[in-house]
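Results of the structural survey
The primary structure of each chain is shown beneath.
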There are 2 protein chains.
Amino acid sequence: MPRTKGDHEARRRDVSEAVWRVLAAHGFGGLTLRAVAAELGASTGLLTHYFPAKRDLVAHALDLLDRRSAARPRRAGGPGLAAVRAALLGVLPLTAEATDSNRIWVSSWDTALADPGLSEEYARKYARSRDKLCALVATAQERGELPAGDPARIAAGAQSFVLGLVVQALFAPAAFSPQHQVELLDDYLAGLAAGPSADSPN
Amino acid sequence: MPRTKGDHEARRRDVSEAVWRVLAAHGFGGLTLRAVAAELGASTGLLTHYFPAKRDLVAHALDLLDRRSAARPRRAGGPGLAAVRAALLGVLPLTAEATDSNRIWVSSWDTALADPGLSEEYARKYARSRDKLCALVATAQERGELPAGDPARIAAGAQSFVLGLVVQALFAPAAFSPQHQVELLDDYLAGLAAGPSADSPN
(Lines give C-alpha, C1' and ligand atoms only; values in the text may rest on other atoms or scores of the structure.)
Protein backbone atom coordinates (compact mmCIF):
# COMPACT_ATOMS: atom_id res chain seq x y z
CA MET A 1 0.00 0.00 0.00
CA PRO A 2 1.35 3.44 -0.83
CA ARG A 3 2.12 5.70 2.10
CA THR A 4 -0.47 8.43 2.44
CA LYS A 5 0.15 12.05 3.37
CA GLY A 6 -1.49 11.19 6.71
CA ASP A 7 1.13 8.48 7.42
CA HIS A 8 3.85 10.96 6.64
CA GLU A 9 2.41 13.60 8.97
CA ALA A 10 1.90 11.04 11.75
CA ARG A 11 5.50 9.90 11.44
CA ARG A 12 6.74 13.48 11.58
CA ARG A 13 4.75 13.98 14.78
CA ASP A 14 6.27 10.80 16.25
CA VAL A 15 9.75 12.06 15.43
CA SER A 16 9.02 15.44 17.03
CA GLU A 17 7.64 13.74 20.15
CA ALA A 18 10.81 11.64 20.42
CA VAL A 19 13.02 14.73 20.02
CA TRP A 20 11.01 16.47 22.78
CA ARG A 21 11.34 13.53 25.17
CA VAL A 22 15.11 13.29 24.58
CA LEU A 23 15.43 17.04 25.26
CA ALA A 24 13.33 16.87 28.43
CA ALA A 25 15.45 14.00 29.76
CA HIS A 26 18.93 14.87 28.50
CA GLY A 27 18.91 18.47 27.27
CA PHE A 28 20.61 19.77 24.14
CA GLY A 29 23.89 18.23 25.34
CA GLY A 30 22.28 14.78 25.01
CA LEU A 31 20.46 15.44 21.74
CA THR A 32 21.91 13.03 19.18
CA LEU A 33 20.42 11.13 16.24
CA ARG A 34 21.19 7.94 18.13
CA ALA A 35 19.27 9.06 21.25
CA VAL A 36 16.25 10.11 19.19
CA ALA A 37 16.34 6.83 17.23
CA ALA A 38 16.42 4.84 20.49
CA GLU A 39 13.52 6.88 21.89
CA LEU A 40 11.56 6.31 18.69
CA GLY A 41 12.50 2.62 18.39
CA ALA A 42 13.75 3.33 14.87
CA SER A 43 17.05 3.18 13.05
CA THR A 44 19.47 6.08 12.92
CA GLY A 45 19.21 5.68 9.14
CA LEU A 46 15.53 6.57 9.16
CA LEU A 47 16.31 9.72 11.14
CA THR A 48 18.97 10.94 8.72
CA HIS A 49 16.08 11.20 6.26
CA TYR A 50 14.60 13.91 8.51
CA PHE A 51 17.86 15.35 9.81
CA PRO A 52 20.76 15.00 7.37
CA ALA A 53 23.13 16.72 9.84
CA LYS A 54 23.30 17.37 13.58
CA ARG A 55 22.52 21.06 13.01
CA ASP A 56 19.23 20.11 11.31
CA LEU A 57 18.28 18.17 14.44
CA VAL A 58 19.19 21.15 16.66
CA ALA A 59 17.26 23.53 14.38
CA HIS A 60 14.20 21.26 14.56
CA ALA A 61 14.52 21.09 18.36
CA LEU A 62 14.69 24.89 18.66
CA ASP A 63 11.72 25.27 16.33
CA LEU A 64 9.77 22.71 18.34
CA LEU A 65 10.58 24.60 21.55
CA ASP A 66 9.29 27.83 20.02
CA ARG A 67 6.11 26.30 18.69
CA ARG A 68 5.31 24.37 21.87
CA SER A 69 5.98 27.42 24.03
CA ALA A 70 3.69 29.53 21.84
CA ALA A 71 0.99 26.85 21.96
CA ARG A 72 1.18 26.34 25.75
CA PRO A 73 -2.14 27.34 27.28
CA ARG A 74 -1.72 30.60 29.19
CA ARG A 75 -3.64 31.64 32.25
CA ALA A 76 -6.28 34.23 31.58
CA GLY A 77 -5.50 37.26 33.70
CA GLY A 78 -7.84 40.09 34.49
CA PRO A 79 -6.68 43.55 33.45
CA GLY A 80 -3.85 45.43 35.13
CA LEU A 81 -1.73 43.85 37.83
CA ALA A 82 -3.69 40.58 37.53
CA ALA A 83 -2.55 40.35 33.90
CA VAL A 84 1.07 41.01 34.91
CA ARG A 85 0.76 38.23 37.50
CA ALA A 86 -0.83 35.83 34.99
CA ALA A 87 1.91 36.50 32.42
CA LEU A 88 4.64 35.82 35.00
CA LEU A 89 2.89 32.70 36.33
CA GLY A 90 2.72 31.50 32.71
CA VAL A 91 6.53 31.37 32.62
CA LEU A 92 7.02 29.30 35.79
CA PRO A 93 7.39 25.50 35.94
CA LEU A 94 4.12 24.97 37.81
CA THR A 95 3.03 21.88 35.85
CA ALA A 96 4.87 18.84 34.47
CA GLU A 97 4.45 20.21 30.95
CA ALA A 98 5.77 23.65 31.87
CA THR A 99 8.66 21.99 33.73
CA ASP A 100 9.71 20.03 30.62
CA SER A 101 9.44 23.13 28.51
CA ASN A 102 11.47 25.24 30.95
CA ARG A 103 14.09 22.55 31.35
CA ILE A 104 14.50 22.56 27.57
CA TRP A 105 14.64 26.37 27.44
CA VAL A 106 17.36 26.52 30.10
CA SER A 107 19.24 23.77 28.31
CA SER A 108 19.02 25.67 25.02
CA TRP A 109 20.86 28.68 26.48
CA ASP A 110 24.22 26.92 26.11
CA THR A 111 23.52 26.24 22.43
CA ALA A 112 22.18 29.77 21.90
CA LEU A 113 25.04 31.59 23.63
CA ALA A 114 27.58 29.67 21.55
CA ASP A 115 26.04 30.87 18.26
CA PRO A 116 26.06 34.65 17.60
CA GLY A 117 23.05 34.50 15.24
CA LEU A 118 21.02 32.39 17.62
CA SER A 119 22.12 34.55 20.53
CA GLU A 120 20.71 37.65 18.79
CA GLU A 121 17.50 35.77 18.05
CA TYR A 122 17.16 34.89 21.74
CA ALA A 123 17.87 38.49 22.72
CA ARG A 124 15.05 39.61 20.38
CA LYS A 125 12.75 36.93 21.81
CA TYR A 126 13.33 38.11 25.38
CA ALA A 127 12.99 41.74 24.30
CA ARG A 128 9.56 40.92 22.80
CA SER A 129 8.52 39.23 26.08
CA ARG A 130 9.63 42.31 28.00
CA ASP A 131 7.69 44.56 25.59
CA LYS A 132 4.50 42.59 26.17
CA LEU A 133 5.07 42.69 29.92
CA CYS A 134 5.82 46.42 29.69
CA ALA A 135 2.40 47.08 28.15
CA LEU A 136 0.71 45.13 30.96
CA VAL A 137 2.74 47.03 33.58
CA ALA A 138 1.74 50.36 32.00
CA THR A 139 -1.94 49.39 32.26
CA ALA A 140 -1.45 48.40 35.92
CA GLN A 141 0.14 51.82 36.50
CA GLU A 142 -2.78 53.59 34.80
CA ARG A 143 -5.12 51.69 37.11
CA GLY A 144 -3.07 52.84 40.10
CA GLU A 145 -2.06 49.26 41.00
CA LEU A 146 1.66 49.89 40.51
CA PRO A 147 3.56 53.08 41.32
CA ALA A 148 4.72 55.40 38.55
CA GLY A 149 8.12 54.81 36.95
CA ASP A 150 9.54 53.49 33.70
CA PRO A 151 7.37 50.45 32.86
CA ALA A 152 10.13 48.95 30.69
CA ARG A 153 12.43 48.95 33.70
CA ILE A 154 9.81 47.27 35.87
CA ALA A 155 9.24 44.68 33.11
CA ALA A 156 12.98 43.95 32.85
CA GLY A 157 13.13 43.40 36.61
CA ALA A 158 10.07 41.16 36.63
CA GLN A 159 11.38 39.08 33.74
CA SER A 160 14.69 38.65 35.58
CA PHE A 161 12.84 37.51 38.67
CA VAL A 162 10.86 34.76 36.94
CA LEU A 163 13.76 33.51 34.80
CA GLY A 164 15.92 33.06 37.89
CA LEU A 165 13.06 31.42 39.75
CA VAL A 166 12.72 28.96 36.86
CA VAL A 167 16.39 28.00 37.17
CA GLN A 168 16.21 27.48 40.93
CA ALA A 169 12.97 25.48 40.70
CA LEU A 170 14.47 23.18 38.05
CA PHE A 171 17.45 22.35 40.27
CA ALA A 172 15.48 22.10 43.51
CA PRO A 173 11.88 21.13 42.72
CA ALA A 174 11.23 20.07 46.34
CA ALA A 175 12.42 23.40 47.79
CA PHE A 176 10.55 25.31 45.07
CA SER A 177 7.15 23.61 44.95
CA PRO A 178 4.58 25.23 42.66
CA GLN A 179 2.92 26.74 45.74
CA HIS A 180 6.20 28.22 46.96
CA GLN A 181 6.99 29.61 43.51
CA VAL A 182 3.64 31.40 43.54
CA GLU A 183 4.31 32.74 47.05
CA LEU A 184 7.71 34.08 45.98
CA LEU A 185 6.17 35.71 42.92
CA ASP A 186 3.46 37.28 45.07
CA ASP A 187 6.13 38.61 47.47
CA TYR A 188 7.87 40.13 44.45
CA LEU A 189 4.68 41.73 43.14
CA ALA A 190 3.86 43.06 46.63
CA GLY A 191 7.30 44.70 46.69
CA LEU A 192 6.66 46.26 43.27
CA ALA A 193 3.27 47.56 44.36
CA ALA A 194 4.61 48.99 47.63
CA GLY A 195 7.95 50.18 46.25
CA PRO A 196 9.03 53.63 45.13
CA SER A 197 8.79 54.56 41.45
CA ALA A 198 11.37 52.63 39.47
CA ASP A 199 13.14 55.73 38.20
CA SER A 200 13.01 57.81 41.33
CA PRO A 201 16.38 58.45 42.95
CA ASN A 202 16.97 56.15 45.90
CA MET B 1 66.92 18.24 30.51
CA PRO B 2 64.51 16.52 32.87
CA ARG B 3 61.11 18.14 33.32
CA THR B 4 60.81 19.80 36.71
CA LYS B 5 57.77 19.87 38.93
CA GLY B 6 57.51 23.58 38.01
CA ASP B 7 57.24 22.74 34.29
CA HIS B 8 54.52 20.29 35.06
CA GLU B 9 52.54 22.79 37.13
CA ALA B 10 52.98 25.47 34.47
CA ARG B 11 51.69 23.12 31.80
CA ARG B 12 48.67 22.22 33.92
CA ARG B 13 47.91 25.92 34.30
CA ASP B 14 48.19 26.40 30.53
CA VAL B 15 45.77 23.53 29.97
CA SER B 16 43.30 24.97 32.48
CA GLU B 17 43.54 28.40 30.83
CA ALA B 18 42.80 26.84 27.46
CA VAL B 19 39.79 24.93 28.86
CA TRP B 20 38.49 28.20 30.36
CA ARG B 21 38.86 30.10 27.08
CA VAL B 22 37.07 27.35 25.13
CA LEU B 23 34.22 27.41 27.68
CA ALA B 24 33.94 31.20 27.61
CA ALA B 25 33.74 31.16 23.81
CA HIS B 26 31.77 27.98 23.09
CA GLY B 27 30.25 26.75 26.34
CA PHE B 28 30.06 23.15 27.51
CA GLY B 29 28.42 22.22 24.19
CA GLY B 30 31.65 23.19 22.43
CA LEU B 31 34.05 21.68 24.96
CA THR B 32 36.01 18.98 23.16
CA LEU B 33 39.57 17.72 23.40
CA ARG B 34 40.08 18.96 19.86
CA ALA B 35 38.92 22.50 20.73
CA VAL B 36 41.15 22.65 23.82
CA ALA B 37 44.11 21.31 21.83
CA ALA B 38 43.59 23.96 19.15
CA GLU B 39 43.35 26.70 21.80
CA LEU B 40 46.54 25.42 23.42
CA GLY B 41 48.38 24.90 20.13
CA ALA B 42 49.04 21.31 21.21
CA SER B 43 48.12 17.86 19.95
CA THR B 44 44.97 16.05 21.02
CA GLY B 45 47.34 13.26 22.09
CA LEU B 46 48.96 15.47 24.70
CA LEU B 47 45.54 16.30 26.14
CA THR B 48 44.46 12.68 26.49
CA HIS B 49 47.31 12.49 29.02
CA TYR B 50 45.36 14.97 31.19
CA PHE B 51 41.86 13.89 30.20
CA PRO B 52 41.62 10.21 29.21
CA ALA B 53 37.87 10.59 28.52
CA LYS B 54 35.42 13.36 27.70
CA ARG B 55 33.92 13.12 31.18
CA ASP B 56 37.34 13.88 32.73
CA LEU B 57 37.48 17.05 30.67
CA VAL B 58 33.96 18.02 31.80
CA ALA B 59 34.83 17.24 35.44
CA HIS B 60 37.94 19.43 35.19
CA ALA B 61 35.89 22.23 33.64
CA LEU B 62 33.29 22.08 36.44
CA ASP B 63 36.03 22.03 39.06
CA LEU B 64 37.72 25.00 37.39
CA LEU B 65 34.41 26.88 37.38
CA ASP B 66 33.99 26.25 41.10
CA ARG B 67 37.52 27.27 42.01
CA ARG B 68 37.54 30.40 39.83
CA SER B 69 34.14 31.45 41.17
CA ALA B 70 35.34 31.00 44.75
CA ALA B 71 38.53 32.95 44.00
CA ARG B 72 36.75 35.84 42.24
CA PRO B 73 37.32 39.02 44.22
CA ARG B 74 34.09 40.00 45.96
CA ARG B 75 33.01 43.49 46.78
CA ALA B 76 33.32 44.38 50.41
CA GLY B 77 29.92 45.40 51.69
CA GLY B 78 29.19 47.18 54.89
CA PRO B 79 26.93 45.39 57.35
CA GLY B 80 23.20 44.84 56.83
CA LEU B 81 21.51 45.80 53.58
CA ALA B 82 24.83 47.01 52.13
CA ALA B 83 26.19 43.48 52.56
CA VAL B 84 23.11 42.01 50.84
CA ARG B 85 23.64 44.44 47.96
CA ALA B 86 27.36 43.61 47.74
CA ALA B 87 26.65 39.86 47.68
CA LEU B 88 24.11 40.27 44.88
CA LEU B 89 26.37 42.63 42.90
CA GLY B 90 29.07 39.97 43.23
CA VAL B 91 26.93 37.59 41.16
CA LEU B 92 26.25 39.92 38.24
CA PRO B 93 28.30 40.10 35.01
CA LEU B 94 29.59 43.63 35.67
CA THR B 95 33.16 42.98 34.45
CA ALA B 96 34.64 40.99 31.56
CA GLU B 97 35.87 38.36 34.01
CA ALA B 98 32.50 38.03 35.73
CA THR B 99 30.83 37.86 32.31
CA ASP B 100 33.02 34.90 31.24
CA SER B 101 32.38 33.17 34.53
CA ASN B 102 28.61 33.70 34.32
CA ARG B 103 28.49 32.62 30.71
CA ILE B 104 30.20 29.38 31.74
CA TRP B 105 27.85 28.91 34.71
CA VAL B 106 24.77 29.33 32.54
CA SER B 107 26.26 26.98 29.98
CA SER B 108 26.93 24.39 32.69
CA TRP B 109 23.23 24.19 33.61
CA ASP B 110 22.50 21.97 30.60
CA THR B 111 25.25 19.54 31.65
CA ALA B 112 24.17 19.67 35.31
CA LEU B 113 20.44 19.17 34.67
CA ALA B 114 21.18 16.11 32.54
CA ASP B 115 23.08 14.38 35.37
CA PRO B 116 21.11 13.55 38.54
CA GLY B 117 24.23 13.55 40.79
CA LEU B 118 25.49 16.84 39.40
CA SER B 119 22.00 18.29 39.54
CA GLU B 120 21.84 17.56 43.29
CA GLU B 121 25.29 19.07 43.74
CA TYR B 122 24.11 22.25 41.99
CA ALA B 123 20.97 22.32 44.14
CA ARG B 124 23.18 22.13 47.26
CA LYS B 125 25.46 24.85 45.88
CA TYR B 126 22.53 27.22 45.31
CA ALA B 127 21.08 26.31 48.71
CA ARG B 128 24.40 27.30 50.34
CA SER B 129 24.35 30.64 48.48
CA ARG B 130 20.80 31.24 49.68
CA ASP B 131 21.83 30.37 53.26
CA LYS B 132 24.64 32.93 53.18
CA LEU B 133 22.27 35.51 51.73
CA CYS B 134 19.68 34.59 54.35
CA ALA B 135 22.11 35.42 57.16
CA LEU B 136 22.84 38.82 55.57
CA VAL B 137 19.10 39.48 55.14
CA ALA B 138 18.47 38.61 58.82
CA THR B 139 21.12 41.14 59.88
CA ALA B 140 19.54 43.80 57.65
CA GLN B 141 16.20 43.03 59.30
CA GLU B 142 17.73 43.35 62.78
CA ARG B 143 19.07 46.73 61.74
CA GLY B 144 15.60 47.74 60.59
CA GLU B 145 16.73 48.10 56.96
CA LEU B 146 14.39 45.38 55.67
CA PRO B 147 10.88 44.64 56.92
CA ALA B 148 10.22 41.57 59.06
CA GLY B 149 9.38 38.27 57.36
CA ASP B 150 11.04 34.94 56.66
CA PRO B 151 14.63 35.84 55.67
CA ALA B 152 15.03 32.54 53.77
CA ARG B 153 12.10 33.51 51.61
CA ILE B 154 13.56 36.95 50.92
CA ALA B 155 16.91 35.31 50.08
CA ALA B 156 15.26 32.87 47.64
CA GLY B 157 13.56 35.78 45.89
CA ALA B 158 16.75 37.84 45.72
CA GLN B 159 18.74 34.92 44.34
CA SER B 160 16.07 34.38 41.68
CA PHE B 161 16.27 38.03 40.72
CA VAL B 162 20.04 38.07 40.18
CA LEU B 163 20.19 34.71 38.38
CA GLY B 164 17.56 35.86 35.87
CA LEU B 165 19.30 39.19 35.46
CA VAL B 166 22.52 37.30 34.66
CA VAL B 167 20.75 35.39 31.88
CA GLN B 168 19.22 38.49 30.33
CA ALA B 169 22.50 40.43 30.52
CA LEU B 170 24.39 37.60 28.79
CA PHE B 171 21.97 37.59 25.86
CA ALA B 172 21.60 41.37 25.61
CA PRO B 173 24.75 43.02 26.98
CA ALA B 174 23.92 46.33 25.29
CA ALA B 175 20.41 46.51 26.81
CA PHE B 176 21.76 45.38 30.20
CA SER B 177 24.89 47.47 30.66
CA PRO B 178 26.63 47.14 34.03
CA GLN B 179 25.08 50.46 35.07
CA HIS B 180 21.58 49.30 34.11
CA GLN B 181 22.07 46.00 35.94
CA VAL B 182 22.96 47.93 39.10
CA GLU B 183 19.90 50.19 38.64
CA LEU B 184 17.62 47.17 38.28
CA LEU B 185 19.13 45.56 41.38
CA ASP B 186 18.66 48.81 43.31
CA ASP B 187 15.01 48.97 42.17
CA TYR B 188 14.62 45.42 43.46
CA LEU B 189 16.21 46.22 46.82
CA ALA B 190 14.08 49.36 47.14
CA GLY B 191 10.99 47.18 46.61
CA LEU B 192 12.19 44.78 49.31
CA ALA B 193 12.85 47.62 51.74
CA ALA B 194 9.47 49.27 51.07
CA GLY B 195 7.48 46.06 50.71
CA PRO B 196 5.28 44.28 53.23
CA SER B 197 6.77 41.44 55.30
CA ALA B 198 7.45 38.44 53.10
CA ASP B 199 5.14 36.16 55.06
CA SER B 200 2.32 38.57 55.71
CA PRO B 201 -0.95 37.73 53.94
CA ASN B 202 -1.40 39.84 50.81
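Per an unreviewed UniProt entry, chain A carries the name AcrR family transcriptional regulator and comes from Streptomyces spectabilis.

Looking now at a positive patch on the surface. Taken together, the side chains of A:R74, A:R124, A:R128 and A:K132 make up a positively charged region of the molecular surface. Here A:R124 shows up in helix α7 (residues 116-142).

Attention now goes to the packing of helix α5 (residues 81-89) of chain A against helix α9 (residues 178-194) of chain A. Residue and element names in this part refer to chain A. Direction vectors running N to C along α5 and α9 enclose 140 degrees, while the axes themselves pass 11 Å from each other. For the element pair α5 / α9, the angle class is oblique. Judged by the sense of rotation from one axis to the other, the crossing of α5 with α9 is right-handed. Where α5 abuts α9, its residues L81, V84, R85, L88 and L89 lie against V182, L185, D186 and L189. For the contact of α5 with α9, the class distribution of residues is seven nonpolar, no polar and two charged.

Attention shifts here to the interface of chain A and chain B. Opposite the 47 residues of chain A that make contact, chain B presents 47 residues. Between chain A and chain B the total buried area reaches about 3600 Å² when both faces are included, carbon and sulfur atoms providing 64% of it. Area buried by chain A at its contact with chain B is led by A:D110, A:L113 and A:F171, which between them contribute 21% of it. Here chain A and chain B share six salt bridges between them. The shortest N-O distance in the salt bridge between B:R153 and A:E183 comes to 3.9 Å. Here chain A and chain B share 16 residue pairs in polar contact (both at pLDDT 80 or more) between them. Of all the secondary structure elements, the ones that give two or more residues to the side of chain A that touches chain B are α1 (5-26), α6 (96-113), α7, α8 (151-171) and α9 of chain A. Take the side of chain A that touches chain B: its biggest share by element is 13 residues, from α8(A). Here the residues of the side of chain A that touches chain B are counted per class, giving 26 nonpolar, 14 polar and seven charged.

All names here are of chain A. Domain annotation of chain A identifies domain 1 (1-53) and domain 2 (72-194). Spacing between the C-alpha centres of domain 1 and domain 2 amounts to 31 Å. Taken together, the contact between domain 1 and domain 2 spans seven residues of the former and seven residues of the latter. Approximately 590 Å² of surface area, both sides summed, lies buried where domain 1 meets domain 2, with 67% of it carried by carbon and sulfur atoms. The largest contributions to the domain 1 side of the interface with domain 2 come from W20, A24 and F28, which together make up 77% of the buried area. Seen at the junction of domain 1 and domain 2, the total is two residue pairs in polar contact (both at pLDDT 80 or more).

Basis of the calculations
Residues numbered from 1 in each chain as written. Chains lettered and ligands numbered in written order. Predicted model: local features only at pLDDT ≥ 70, side-chain atom pairs only at ≥ 80, totals over all residues. Heavy atoms only, no water. Patch = residues over 30% accessible without salt bridge, like charges linked within 9 Å, V, L, I, M, F, W, Y side chains within 5 Å. Areas by Shrake-Rupley, 256 points an atom, 1.4 Å probe, with all protein chains shown as cover. Salt bridge = Lys/Arg side-chain N within 4 Å of Asp/Glu carboxyl O. Lys, Arg positive; Asp, Glu negative; His and termini not counted. Charge placed at Lys NZ, Arg CZ, Asp CG, Glu CD. Helix = DSSP H or I, 4+ residues; strand = E, 2+ residues; numbered from the N terminus. Axes fitted to C-alpha atoms, helices over the stretch in contact; angles between N-to-C directions. Parallel < 35°, antiparallel > 145°, perpendicular 65-115°, else oblique. Left-handed = near helix turned anticlockwise from the far one by under 90°. Contact = heavy atoms within 4.5 Å. Nonpolar A, V, L, I, M, F, W, Y, C, P; charged D, E, K, R; others polar. Buried area = accessible area lost by both parts, 1.4 Å probe. Polar contact = N/O pair within 3.5 Å; in protein donor to acceptor, adjacent residues only side chain to side chain. Domains from an automatic or database assignment.

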